[in-house]
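So you can see what is in the structure, the chains are spelled out below.
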Amino acid sequence: MGGFFSYAASFAASPPLLKHPYNLTVSRVVHKVVDDAEIGEKRVLIVGDIHGCFDEMIQLLSRADALDSNTNRVRDNCCVVFCGDFVNKGPKSIEVLRYIMEQKILTVRGNHEEAVLREFMAMKQDKSYELRKKYRWLVELHPEEVDFLTNLPYTICIPAFQLIVVHAGLVPGVPLDYQDLHNLTTMRTVRPEPVHPGLFYSKLVASSKYTKDSTAWAPVWKGPLHVYFGHDAKKGLQNNPYSTGLDSGCVYGATLTGVLIERDRRSLRKSVITIQAAQVYQKPEGN
């Protein structure tokens, strides 16, 4: 049983030193917490993968009554949180990014924000580097916008609403500070793997792919926090007891989805809001 206790005891030690898998600068705040004083009496609106679909984003915010109809500014009584992958593939990535920054919308980082940073770094290091079509908007980035992308958190927790937002997922049973950063932006499934040869006890290992020995991570998540996430457009809107998937494939011509959460006395009232995409901006691909 030594292997099991060694594994369990490892969580009592200090969290491992964070290192980015692609040698990017790690965010100043990896796991952001919106405390009770900051959230106050606000409603919370969580929006799935936007992928540069600026017009649909504005429509969803408006339908949720999160915008002032005269100015298109986010109302003071609403905390808006995006699930990452707000850029690439769609037509207006730079407009979405600048609106997020201007309106101080909260967002986690997705695999596409990470890809943007890798491409930007490659472009700066090699003046002859040729950007692929979906990254050509990067030439418009200002230094403060690169800094904003660099320092996006991986998770946003709102304790007052008993929720946490992440782009791709969380490995069940692993404390937040021990979650692998790469998994947080790429995972879709988990599979059991023995901790030590000869032991029945196993840990869950994350993957971005569905295989015969893996299962979607979201139904396995048992709380206590409710997880809102994106990244899995093929599955569309996912509703599980302790997790909700919000990537419904807007950029592929389907819908943009958000969840509006309001406090009703001692309970939380949730409303799903969907906006039909104006067109197919890109045919589905791997991620």
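Residues numbered from 1 in each chain as written. Predicted model: local features only at pLDDT ≥ 70, side-chain atom pairs only at ≥ 80, totals over all residues. Heavy atoms only, no water.

Turning to helix α4 (residues 93-103), a few remarks are in order. Residues of α4 that are buried include every one of S93, I94, V96, L97, Y99, I100 and Q103, and no others. Here the buried face of α4 lies against α3 (54-63), β3 (78-82), β4 (106-107) and α6 (143-150). Where α4 terminates, the next one or two residues include K104, which has phi positive at roughly 55°. (Buried < 20%, exposed > 50% of the residue type's maximum accessible area, 1.4 Å probe, protein only. Helix = DSSP H or I, 4+ residues; strand = E, 2+ residues; numbered from the N terminus. Contact = heavy atoms within 4.5 Å.)

Moving on, we come to the nonpolar core. Of all hydrophobic cores here, the largest spans 46 residues; its most connected members are L45, I50, M57, V80, F86, Y99 and L141. Secondary structure elements with two or more residues in this core: β2 (43-47), α3, β3, α4, α5 (111-125), α6, β13 (255-264) and β14 (267-276). With residues up to four places along the chain from it excluded, the contact list for V80 reads L45, L61, A66, V74, I105 and L106. Within the second largest apolar cluster, 20 residues are counted, among which are V30, V174, A206 and W221. (Core = buried A, V, L, I, M, F, W, Y, C linked by side-chain atoms within 4.5 Å.)

This paragraph deals with the layout of surface pockets. The space that makes up the second largest pocket amounts to roughly 320 Å³. If you go around the second largest pocket, you meet 16 residues; those closest to its centre are K42, V74, C78, Q103 and K104. Elements represented by at least two residues in the lining of the second largest pocket include exactly α2 (36-39), β3 and α4. The class makeup of the residues in the lining of the second largest pocket is eight nonpolar, one polar and seven charged. (1 Å grid on protein atoms, 1.4 Å probe; cavity = no way out; pocket = protein on both sides within 12 Å on 5 of 7 lines; lining within 4 Å. Points joined across faces, edges and corners; volume = space filled by probe spheres on them. Nonpolar A, V, L, I, M, F, W, Y, C, P; charged D, E, K, R; others polar.)

All told, the structure shown has one cavity of 30 Å³ or more when counted by the stated rule. Reported here for the largest cavity is a volume of approximately 30 Å³. Surrounding the largest cavity, A168, M187, R188, Y210, A216, W217, A218, F229, G230, D232 and Q238 form its lining. Of the residues that constitute the lining of the largest cavity, the class distribution is seven nonpolar, two polar and two charged.

With that settled, the discussion passes to the sheet that holds strand β5 (residues 155-158). The pairing of strands in a sheet comes from backbone hydrogen bonds and takes either a parallel or an antiparallel form. Read across the sheet, six strands follow the order β1-β5-β6-β10-β12-β11 without closing on themselves; strand pairing throughout is mixed. What marks the edges here is a single partner per strand, and that holds for β1 (31-33) and β11 (238-240). Strand-to-strand twist across the sheet, computed as the mean angle between neighbouring axes with direction ignored, equals 15°. Of the pairings in the sheet, the one linking strand β10 (residues 226-229) to strand β12 (residues 243-245) comprises three bridges and is parallel in character. Within β12, the residue paired with F229 across the bridge is G245. (Pairing = 2+ DSSP bridges. Axes fitted to C-alpha atoms, helices over the stretch in contact; angles between N-to-C directions.)

Okay, the side chain of E145 next. Of note, E145 is situated in helix α6. You can call E145 buried: its relative accessible area is 4%. Not counting the four nearest positions on each side in its chain, E145 is found in contact with I94, L97, R98, M101 and E140.

What follows deals with the packing of α4 against α6. Interhelical geometry of α4 versus α6 gives an angle of 80° and a closest axis separation of 11 Å. It follows that α4 is roughly perpendicular to α6 by the angle criterion. Note on element contacts: α6 touches α4 through E144, E145, F148 and L149, opposite I94, L97, R98, I100 and M101. Across the contact of α4 with α6, the residue classes tally to six nonpolar, no polar and three charged. (Parallel < 35°, antiparallel > 145°, perpendicular 65-115°, else oblique.)

Below, the discussion takes up the confidence of the model for the protein. Averaged over all residues, the pLDDT of the protein equals 89, while 89% of them reach at least 70. Below a pLDDT of 50 lies the segment residues 1-13, which in the model reaches 14 contacts outside its immediate sequence neighbourhood of four places, other chains included. (pLDDT = per-residue confidence, 0-100.)

With that settled, consider unusual backbone geometry. In this structure, the amide linkage connecting G223 to the following residue, P224, adopts the cis form with an omega of 5°. In this model, Q162 sits at a positive phi of 55°, which is unusual for a non-glycine residue. By the element assignment, Q162 lies in the loop between β5 and β6 (163-166). For Q162, a relative accessible area of 52% corresponds to the exposed category. One non-glycine residue, H231, adopts positive backbone phi at about 80°.

Moving on to the pattern of salt bridges. Counted according to the given criterion, the structure contains 10 salt bridges. A salt bridge links R28 to D147, with the nearest nitrogen and oxygen atoms 3.4 Å apart. Of this pair, R28 sits in the loop between α1 (2-9) and β1 while D147 sits in helix α6; the two residues are 119 residues apart in sequence, bridging distant segments of the chain. Between R75 and D65 there is a salt bridge, and its shortest N-O distance comes to 3.3 Å. A residue pair is termed long-range when its members are at least 10 positions apart, and R75 in the loop between α3 and β3 and D65 in the loop between α3 and β3 qualify at 10 residues. The partly exposed category is assigned to R75, whose relative accessible area is 29%. (Salt bridge = Lys/Arg side-chain N within 4 Å of Asp/Glu carboxyl O.)

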